[in-house]
Amino acid sequence: MRGCPLLVLLCALPWLLRAVAPERPAQPLARRRDPRDPARGADFDRVYSGVVSLSTENIYSFNYTSQPGQVNAVRVYVNSSSENLDYPVLVVVRQQKEVLSWQVPLLFQGLYQRSYNYQEVSRTLCPSEATNETGPLEQLIFVDIASMAPLGAQYKLLVTKIKHFQLQTNVAFHFTASPSQPQYFLYKFPEDVDSVIIKVVSKMAYPCSVVSVQNIMKKDFPGEQFFVVFVIKPEDYACGGSFFIQEKENRTWNLQRTKNLKVTIVPSIKESVFVKSILLSFLIFFSFYLGCLLIAFVHYIRFQRKSINGSFGSNDGSGSMPVSHPIAASTPEGSNYGAIDESSSSPGRQMSSSDGGQPCQSDTDSSVEESDFDTMPDIESDKNVIRTKMFLYLSDLSRKDRRIVSKKYKIYFWNIITIAVFYALPVIQLVITYQTVVNVTGNQDICYYNFLCAHPLGVLSAFNNILSNLGHVLLGFLFLLIVLRRDILHRRALEAKDIFAMEYGIPKHFGLFYAMGIALMMEGVLSACYHVCPNYSNFQFDTSFMYMIAGLCMLKLYQTRHPDINASAYAAYASFALVITITVLGVVFGKNDVWFWVIFSVIHILASLALSTQIYYMGRFKIDVSDTDLGIFRRAAMVFYTDCMQQCSRPLYMDRMVLLIVGNLVNWSFALFGLIYRPRDFASYMLGIFICNLLLYLAFYIIMKLRSSEKVLPIPLFCIIATAVVWAAALYFFFQNLSSWEGTPAESREKNRECVLLDFFDDHDVWHFLSAAALFFSFLVLLTLDDDLDVVRRDQIPVF
C-alpha cells in the first residue's frame, strides 16, 4: 500500500503538465491522421487510387493557408475505369461554405435521347479571398468518394492548386476544356481600367463552346472582379454543327470533345476615342454642307454677272414675258402641247393669270383639289393619239396644269412622312425592348454583333454601328435643303413669269425629290434601329426604306420625261407595301419551301411583262373586260398580230423595246436564280432586284440622252463619276461579311473582324459612311442630270 501514493502521482503527472503548459491551437491534420479517424490526411499534386463499394467509403482532407491579397483556387480531378451507369462513383466535395457533388461516369443527355458518358471529371472549387481585416485564412477541404457498387468501383483522385487562376490584362492564357471539365478564371480590374474586352480564340471551330461572364456575389471578394467561365457542349447543334453518331452503347467521349482555347483580356477604348470618332463623323458630312455652300455661292456670283452683262437670254425671248408667249406659232401642228395659252377657256386648265393677270398661285392653293387631276376636256380623246405617236416630245406629255401636277407629286412627300412616323415608332419601341432584354439577361446570342469591334456606350451594346448611320440623316437633310432652294428659285421665276421656267426645259416638280430626301433620312434612322440589336426578326427594318428609295428613284427618272403619266402616290406606296409584304413572307417561308419560290417567280415574271406592256404603250394598253365573248383573247391576238407579226422586222418604238427586252431578261434571270438556288437572305435578294432595275434604267436614260445630242454639264458629270466610284468602294466593304443572322450565333462570331478605322469603326461602318455618300450623289445625279435642257423648248425635248 506504500506504493499507491506514488502511483497516483505518476498518473496525475500528465494532467499537471498539460495544465501548466501554454495553450496551443489544435492540429486538425494530426488529429485526422489518427487511424481511428475516417478522414485521411492528403497532399496536393498526388494521385490517390482506391476502390469503393457498398461497404467502403473513403474521405480525404486537404488544407492550405490563404494570405491577404492572394487568391488560391483548387481543382479536383476524379477518374474511374468503371462504365457501369447503375453504380457510378459518387464524389462530394465539402468546403467551409460550399458543397459540390458529381458522379463518374458523368452522363450528358443530347437531342433525340442521345447520351454521352465521360469517365474523367474535374471541377474548380470556389475560392475564398483573404483580406487585411481577416488576416490569413485556414482553408479546409473534404473529398468524400463512395459508390453503391456491390463488387466495388475503382477510382483515381488528384487535387491540385491552380497556378494561373487569375487572368492578367493584355496577357494571353492557353488552357484546355471539355464537357466534363469546364474551366473558370478570375479577373480583377486594374486601378486605371473600368471596362475590358474579353477575347477568346480557338484554332478549332468545334466542339461548340460557351463563354460567360459572372459577377462574384460572395462577401469574401471585394468589388470590381468577375469570373470568366468556359463550358464545352456535348453536341454541336447549338453552334450549327452536325450530330455525332454513337457506334455503341456507353461509349466515352473523353478525348473526342477536348478543345484548346486562348483567352486575352484587354482594356476597352478610352473616352478620347469616342470623342474623336464622333467628331470625325460630323466633320466628314459637314464637309458636304461646306461644298454645297461653296457651289451655291459660285452659282450666285455667275448669275449676278450674267444679269449685269445682259447675257441671260435667247433668240426666242427671255426674262419676264407674258404667259401667252406663242411658241406654238413656230411649231408644227400637234406639237404645241408645251405652250401655255392664256386664251384657253378649258375648265381644268385655268392658269393663275386668268383673273386679270394675277401672279401664279402657290402649289398649295386650296383651290387645287385632287379631284381636278386629268380634267382637260380633250385629254381622254387625245391620249391614244398623242401617246402612241412614233416620235414623242416632252410637250406631248406635259399638257396638264402645272399646279395640279405639282400638288399630285407633293402627295408623295406628305405620304412618306406619315408612313415614316407610323413605321418608325413601333420599330424604336421593339429594339429598345431587345436591348433591354440583352442587358438584363446578359445573353449575347440574341443580337448578331461584330463582337471584335463592338463598342458599348450607355445601354447600347454597339454604339459605333449606330453612329455610322449619321451620314444618311445629315446628307438626307442636306438634299432636302438643296431641293428647297431649287423649289424657291423656281417659284420666284414663275411669279416673275419667266418664260424659261414656264415653257422651257423639264417641268419642275419637286414632290418626289422631297420624298427621296425623307426616305434617305429614314433609312439612316431604321438602319440604326436595326443595329441596336441585329437579328433575324428585325432585318426588314434595315431594308424597307431601301426598297422605297430604289422605287422612288425609278419613278423620278420616269417622271422626268413623262410628267403627266407617272404613277400616283397612292398606287406607288401600295406597291411598296406589297413588296415589303412579299419580302416578309420570303424571310419566313423562303428558306426551304419550294412552293413559295414557284409562286414568287411566276408573280415576278408576270409583273415584269405587265409593267413592260404599260411602259411600251405609254399606259394606253387596255383590255375591254366587259366583252364576255372572248374579247380579251381577241384583243391580245390583234395586238400580237399588228405589233409583232406585221412589224417584226422593226418594232414601232425601237428604243423602248430594247430597254424592255434587256429589263425582262434581267428580271427573268433573277426569277430563275431564285427558283434554282433559293437564297436564304430573301430581303437582300429583293433589294438586288430593285437596284439592278434602277441601274439598268439609269444607264438607258444616260445613253439615250447622249444619243439625242443632249449635253451632260460638269456638275452632273462629277456626280455621275463620284456615284460610280463611291458605290464601288461601298460595295467592297458591304461584302466583307462581319456577322450573319442566317446561321447560329457561334457561326456568326466566326466572321467577326477587328476595327479598321480609328480602332472604332469596322468594315460595315465604313459601308454605312460610303453608302450614304453614294446615295446622296445618286440623288444629285437625278436632280441635275437635265439642267442642260433649261434653255431648250419642250417641243424639242424627245421622250424616251
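Check the entry above for the structure.
All residue numbers here refer to positions counted from 1 along the written sequence of the relevant chain. Only residues with pLDDT of at least 70 get local features here, since the model is predicted, and only at 80 or more are side-chain atom pairs given and counted; chain-wide, interface and lining totals rely on the full set of residues. Hydrogen atoms and water are omitted, and side-chain values are computed over all heavy atoms in the structure.

Attention now moves to helix 14 (residues 654-677). Secondary structure is summarised from DSSP: a helix means a run of H or I of at least four residues, a strand means a run of E of at least two, and numbering begins at the N terminus for each. Here a helix's expected span is defined as the number of its residues, less one, multiplied by 1.5 Å. A rise of 1.5 Å per residue sets the reference length of helix 14, with its 24 residues, at 34 Å; its end C-alpha atoms lie 34 Å apart and thus fit the reference within 8%. Note on exposure labels: buried denotes an accessible area under 20% of the residue type's maximum, exposed denotes more than 50%, and partly exposed covers the range between, all computed with a 1.4 Å probe on protein chains only. Of all the residues in helix 14, the buried ones are Arg656, Leu659, Leu660, Gly663, Asn664, Asn667, Phe670, Ala671 and Gly674. Buried residues in helix 14 make contact with helix 12 (594-616) and helix 15 (682-707). Of the residues flanking the end of helix 14, it is Arg678, one or two places downstream, whose phi is positive at about 45 degrees. Any two residues having at least one pair of non-hydrogen atoms within 4.5 Å are treated as being in contact.

Let's shift gears to empty space enclosed by the protein. Only protein atoms enter the 1 Å grid used here. Points where a 1.4 Å probe fits but cannot escape make up a cavity, open sets with protein on both sides within 12 Å along at least five of seven lines make up a pocket, and a residue lines them when an atom lies within 4 Å of a point. Grid points are joined across faces, edges and corners, and a volume is the space filled by probe spheres set on the points. For the coordinates displayed, the defined rule picks out seven cavities of 30 Å³ or more. The space that makes up the second largest cavity amounts to roughly 180 Å³. In terms of lining, the second largest cavity is formed by 16 residues, of which the most central are Ile506, Lys508, Phe513, Leu782 and Leu783. For the lining of the second largest cavity, the secondary structure elements donating two or more residues are helix 10 (540-561) and helix 18 (763-784). Counting residues per element, the lining of the second largest cavity draws most heavily on helix 10, at three residues. For the lining of the second largest cavity, a count of residues per class yields seven nonpolar, three polar and six charged. Each residue is assigned to one class: nonpolar for Ala, Val, Leu, Ile, Met, Phe, Trp, Tyr, Cys and Pro, charged for Asp, Glu, Lys and Arg, and polar for all the others, Gly among them.

The next subject is the state of the cysteines. Sulfur atoms of two cysteines make up a disulfide when they are within 2.5 Å. This model, assessed by the stated rule, comprises three disulfides. Here Cys447 connects covalently by a disulfide to Cys533, the sulfurs 1.8 Å from one another. Given an S-S torsion of about -90 degrees, the disulfide between Cys447 and Cys533 has left-handed geometry. Here Cys447 is found in the loop between helix 5 (402-441) and helix 6 (463-467), whereas its partner Cys533 is found in the loop between helix 9 (511-532) and helix 10, with 86 residues between them in sequence. A sulfur-sulfur distance of 1.9 Å marks the disulfide that ties Cys453 to Cys755. The sign of the 110 degrees torsion about the S-S bond sets the Cys453-Cys755 disulfide as right-handed. Here Cys453, found in the loop between helix 5 and helix 6, pairs with Cys755, found in the loop between helix 17 (745-749) and helix 18; they are 302 residues apart in sequence, far enough to count as distant. On the basis of relative accessible area, Cys453 is assigned to the buried category, the value being 1%. When the cysteines engaged in disulfides are numbered in sequence order, the protein pairs them as 1-2, 3-5, 4-6.

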